[in-house]
Amino acid sequence: MSELSVGEVAKRTGVSVSALHFYERKNLIKPKRTASNHRVYPRNIIRRVTVIQIAQRAGLSLAEIARALDTLPDDRAISAKDWARVSTVWRDDLTARIALLTSLRDELTGCIGCGCLSVDECPLANAGDRLSELGSGPHLLGAAGSKS
Ligand code: FES
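Each value, and the rule that gives it
Residues numbered from 1 in each chain as written. Predicted model: local features only at pLDDT ≥ 70, side-chain atom pairs only at ≥ 80, totals over all residues. Heavy atoms only, no water. Core = buried A, V, L, I, M, F, W, Y, C linked by side-chain atoms within 4.5 Å. Buried < 20%, exposed > 50% of the residue type's maximum accessible area, 1.4 Å probe, protein only. Helix = DSSP H or I, 4+ residues; strand = E, 2+ residues; numbered from the N terminus. Contact = heavy atoms within 4.5 Å. Salt bridge = Lys/Arg side-chain N within 4 Å of Asp/Glu carboxyl O. Pairing = 2+ DSSP bridges. Phe/Tyr/Trp six-rings, centres within 6.5 Å; stacked < 30°, edge-to-face > 60°.

Going by an unreviewed UniProt entry, the chain carries the name Redox-sensitive transcriptional activator SoxR and comes from [Roseibacterium] beibuensis.

Structure below.
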């Protein structure tokens, strides 16, 4: 059999049926419909779901995952070459995010127990006033949490 039911995909990937339906609503996977309106998936969906799981575990947002998957073929399994390209982009993004979070963690150390959030003194509020050109607001906090 060349196509799988949603239950078979769930069993093969370890992802719940409800999560697979959620992925479908987010356009991460696209099942076909039978004449009786049941979802069926090509066998290559297993690799696609695996990529989604890896990306989620790495902390990528569903929007980021969807953007990457849109560049991959629907009609065949994701190849090693496809995966190398996508994972390289994600690695660079994760590296940048790790650097930002490391910086925030290091700057947070001086703030523990303080609470002033002084624009002049606090490294989290505005280290070296380097964010003033972006306008007012907590730009560092927005950068860490705006990806979902
Ligand atoms: S909260 Fe006071 S230095 Fe950051």
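Describe the nonpolar core, listing the residues and the values that go with them.
Leu20, Tyr23, Ile29 and Val49 are the most contacted members of the largest nonpolar core, which totals 25 residues. When contributions to this core are tallied by element, the ones reaching two or more residues are α1 (6-13), α2 (17-25), α3 (45-57), α4 (62-69) and α5 (80-109). If one sorts the elements of this core by residue count, α3 sits on top with six residues. Those residues in contact with Ile29 that sit more than four places away from it in its chain are Leu20, Tyr23, Glu24, Tyr41, Ile45, Arg48, Val49 and Ile52.

Tell me about the pattern of salt bridges, residues and numbers included.
Working definition: two side chains of opposite charge can pair if their charged atoms are close together. Applying the stated criterion to the full structure yields nine salt bridges. Note that Glu64 is salt-bridged to Arg97, the shortest N-O span being 3.1 Å. One end of the pair, Glu64, is in helix α4; the other, Arg97, is in helix α5, and 33 residues separate them in sequence. According to the relative accessible area criterion, Arg97 is buried, its value standing at 16%.

I'd like to hear about the pairing of strand β3 (residues 39-42), residue by residue, with values.
The pairing of strand β1 (residues 3-5) with β3 spans three bridges and is classified as antiparallel. Residue pairing for β3: Ser5 is matched across the bridge by Val40.

Mind laying out the packing of aromatic side chains, listing which residues take part and the relevant values?
Scanning the model with the defined rule gives one aromatic pair in all. An angle of 75 degrees between the planes, with centres 6.1 Å apart, marks the rings of Trp83 and Trp90 as edge-to-face. Judged by relative accessible area, which is 8%, Trp90 ranks as buried.

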